[in-house]
Amino acid sequence: MGKPNRVNQTAISDFLLLGFSERPEEQPLLFVTFLGMYLVTVMGNLLIILAIISDPHLHTPMYFFLANLSLTDACFTSTSIPKMLANMHTQSQTISSTGCFAQLYFLLTFGGLDNLLLAVMAYDRYVAVCLPLHYNTAMSPQFCAQMLGMCWVLTNCPALIHTLLMTRVAFCGHKAIPHFYCDPSALLKLACSDTCINELMIITVGLLFLTAPLMLIILSYVCISWAVFGISSPGGRWKAFSTCGSHITVVLLFYGSLMGVYLLPPSTHSAERESRAAILYMVIIPMLNPFIYSLRNKDMKEALGKLFGSWKTLFLPE
C-alpha cells in the first residue's frame, strides 16, 4: 500500500512536462541542439548589452531600449530552457507545482516585457523619424527611465495576479502538460475546479501583452510611412527607413510566430504545433535578435569590434 500512496502524493505535488519526444534515442541530439541554441542566445544578448554599455556613442534612447530588450530575451529564454535541458539530462519529466507556478510567473513577466519593449522601440522610431527636432526633448533620459519602469509595472502586476489565481485552481488526475514549459492554457485543461476567472485573466493578459503593443507598433509605422513618403529624395527615404529595418524584422518574426499558433482555427491546434511555435518565439527569435541588430547596424558592429579589441588587449597582451 506504501507505493501507491507515494505515487498519489507525486501526482498531487508535481506536474509532468512531456517535452518534444518520448524516444530515448532522440534525447541526446535534442539536448545538444537546445544547449547550443541556449548558449548562443545568452552569450549573444549579453554581448549586445556589454557593447552598448562600453561605447558612449551608443548611450541613446534606441540603444537603451535595445539593451533592455536583450536582457529580457536572455531572461525569457532562461525561464524554460534550463529546466527542459535538466529534464533531458536526467531523463525526468517532473516539475514541482511551485517550480511550475514560478516558471509561469517569469514567462508571463518577460514575455509581456518583450512585447511592451518592442512597442516602446517603435514609438522611439516614430519620434526620431516624424519629430526629429524634438527627439532629444521628447526622449529624455528621465522619460525613457519612466517608460521602462511603466513597462515593468504593467507586466509584473498582471503576471503576479494570473499566477496567484492559478495557485487556487484544483488539479486532479494525471497532470501531464504536453509542452516543455508550464503553458497556462494547458494547465487549465488539467483543472477540475471552476476556471472562469483564470480564462478571463488569460484574455486580459493577451489584450495587454499582445494586442495593445501590436496596435501601437502598427500605428507608429503607419505614421512613419506617411512621413517617409513625404520625403522627396530617394536617399532620404532610404536613410529614414534603414533606422527601422532591424526592429521591423524582429517584430514580424515575433508576432508572426505568435499569430501562426493562436490565430489558427482551433481544429488545427496540436501540442506539437504549439511546442514548435513556442521554440520559435522563446528560443530562436531571441537567439537571432543579436545578429539582426548587429549585422545591419554599423554602430553596433563598431562597438562590438572595440569590445573584442579591448578583451584581446586584456587577455592577450603583446
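Criteria and cut-off values
Residues numbered from 1 in each chain as written. Predicted model: local features only at pLDDT ≥ 70, side-chain atom pairs only at ≥ 80, totals over all residues. Heavy atoms only, no water. Phe/Tyr/Trp six-rings, centres within 6.5 Å; stacked < 30°, edge-to-face > 60°. Helix = DSSP H or I, 4+ residues; strand = E, 2+ residues; numbered from the N terminus. Buried < 20%, exposed > 50% of the residue type's maximum accessible area, 1.4 Å probe, protein only. Lys NZ or Arg CZ within 6 Å of the ring centre and 35° of its normal. Axes fitted to C-alpha atoms, helices over the stretch in contact; angles between N-to-C directions. Parallel < 35°, antiparallel > 145°, perpendicular 65-115°, else oblique. Left-handed = near helix turned anticlockwise from the far one by under 90°. Nonpolar A, V, L, I, M, F, W, Y, C, P; charged D, E, K, R; others polar. Arc of directions from axis to C-beta. Core = buried A, V, L, I, M, F, W, Y, C linked by side-chain atoms within 4.5 Å. Contact = heavy atoms within 4.5 Å. Pairing = 2+ DSSP bridges. pLDDT = per-residue confidence, 0-100. Disulfide = S-S within 2.5 Å. Salt bridge = Lys/Arg side-chain N within 4 Å of Asp/Glu carboxyl O.

Caption draft 1: Seen up close, the packing of aromatic side chains. The tally for this structure, following the rule as stated, stands at eleven aromatic pairs. Residues F15 and F171 carry aromatic rings whose centres are separated by 5.2 Å and whose planes lie at 85 degrees to one another, so their mutual orientation is edge-to-face. One end of the pair, F15, is in strand β1 (residues 14-17); the other, F171, is in the loop between α7 (141-167) and β3 (176-177), and 156 residues separate them in sequence. A relative accessible area of 1% places F15 in the buried class. With 6.0 Å between their ring centres and 35 degrees between their planes, Y123 and Y126 make a pair best called tilted. Linking Y123 with Y126, this pair stays in helix α5 (residues 97-130), spanning three residues, or about one helical turn. Among the aromatic side chains, those forming a connected cluster through ring pairs are Y105, F106, F110 and W152. In this structure, K175 packs its charged tip against the face of F15, placed 4.3 Å from the ring centre.

Caption draft 2: Here's a closer look at the packing of α5 against α7. Relative orientation of the contacting elements α5 and α7 amounts to 150 degrees, with a least axis distance of 8 Å. Accordingly, the angle class assigned to the pair α5 and α7 is roughly antiparallel. The element α5 and its partner α7 pack so that their crossing is right-handed. Classifying every residue of the contact of α5 with α7 gives 19 nonpolar, seven polar and no charged.

Caption draft 3: Main features of helix α4 (residues 81-90). When we look at burial in α4, the residues that qualify are I81, M84, L85, N87 and M88. Buried residues of α4, viewed axially, fall in a sector of 160 degrees; they line one side. Set apart from the buried face of α4 by more than 90 degrees, the exposed residues are H89 and T90.

Caption draft 4: Molecular detail of the nonpolar core. The biggest cluster of nonpolar side chains holds 63 residues, and the ones touching the most others in it are L66, Y281, M282 and M300. When near neighbours in sequence (up to four residues on either side) are disregarded, M282 contacts F76, T77, S80, L107, F180 and Y181. One finds I95, L188, L190 and M201 within the second-largest nonpolar core, a separate group that totals 21 residues.

Caption draft 5: The pairing of β1, seen in detail. Taking every second residue as pointing to the same face, the buried face of β1 carries F15 and L17, while none of D14 and L16 on the other face is buried. Pairing of β1 with strand β2 (residues 94-96) involves three bridges; the strand directions are antiparallel. What sits directly across from F15, in β2, is I95. In this sheet, β3 lies alongside β1 in parallel orientation, the contact comprising two bridges. Each residue of the ladder has a partner; that of L16, found in β3, is A176.

Caption draft 6: Representation of the sheet that holds β1 within the structure. Read across the sheet, three strands follow the order β2-β1-β3 without closing on themselves; strand pairing throughout is mixed. Each having just a single partner strand, β2 and β3 make up the two edges of the open sheet. Strands in contact with α5 are β1, β2 and β3; relative to β2, the strand with the most contacts, it is inclined by about 80 degrees.

Caption draft 7: Just the confidence of the model for the protein chain, in detail. With 88% of its residues at a pLDDT of 70 or more, the protein chain has an overall mean of 84. Here helix α1 (residues 2-13) stands out as the element of the protein chain with the lowest mean pLDDT, 43, in contrast to helix α3 (residues 61-78), whose mean of 95 is the highest. Segment residues 1-12 is flagged for pLDDT under 50; beyond a separation of four residues in sequence, or across chains, it makes two contacts in the model.

Caption draft 8: Seen up close, the state of the cysteines. Within the structure shown, the criterion is met by one disulfide. There is a disulfide in this structure between C100 and C182, and the S-S distance comes to 2.1 Å. Taking the torsion about the sulfur-sulfur bond, which here is approximately -135 degrees, the covalent link between C100 and C182 counts as left-handed. Placement of C100 in helix α5 and of C182 in the loop between β3 and α8 (184-188) is noted, with a sequence separation of 82 residues between them. For the pair shown, C100 and C182 are each scored as buried.

Caption draft 9: Region of the structure containing the pattern of salt bridges. One pass over the structure, following the stated rule, counts two salt bridges. Notably, a salt bridge pairs D55 with K306, separated by 3.9 Å at the nearest N-O pair. Of this pair, D55 sits in the loop between α2 (27-54) and α3 while K306 is found in helix α13 (residues 298-315), placing the two residues 251 residues apart along the sequence. With relative accessibility at 6%, the residue D55 sits in the buried group. For K306, a relative accessible area of 48% translates into the label partly exposed. The salt bridge partner of R125 is D124, with a shortest N-O separation of 2.8 Å. Take R125 and D124: they sit in the same class, and that class is buried.

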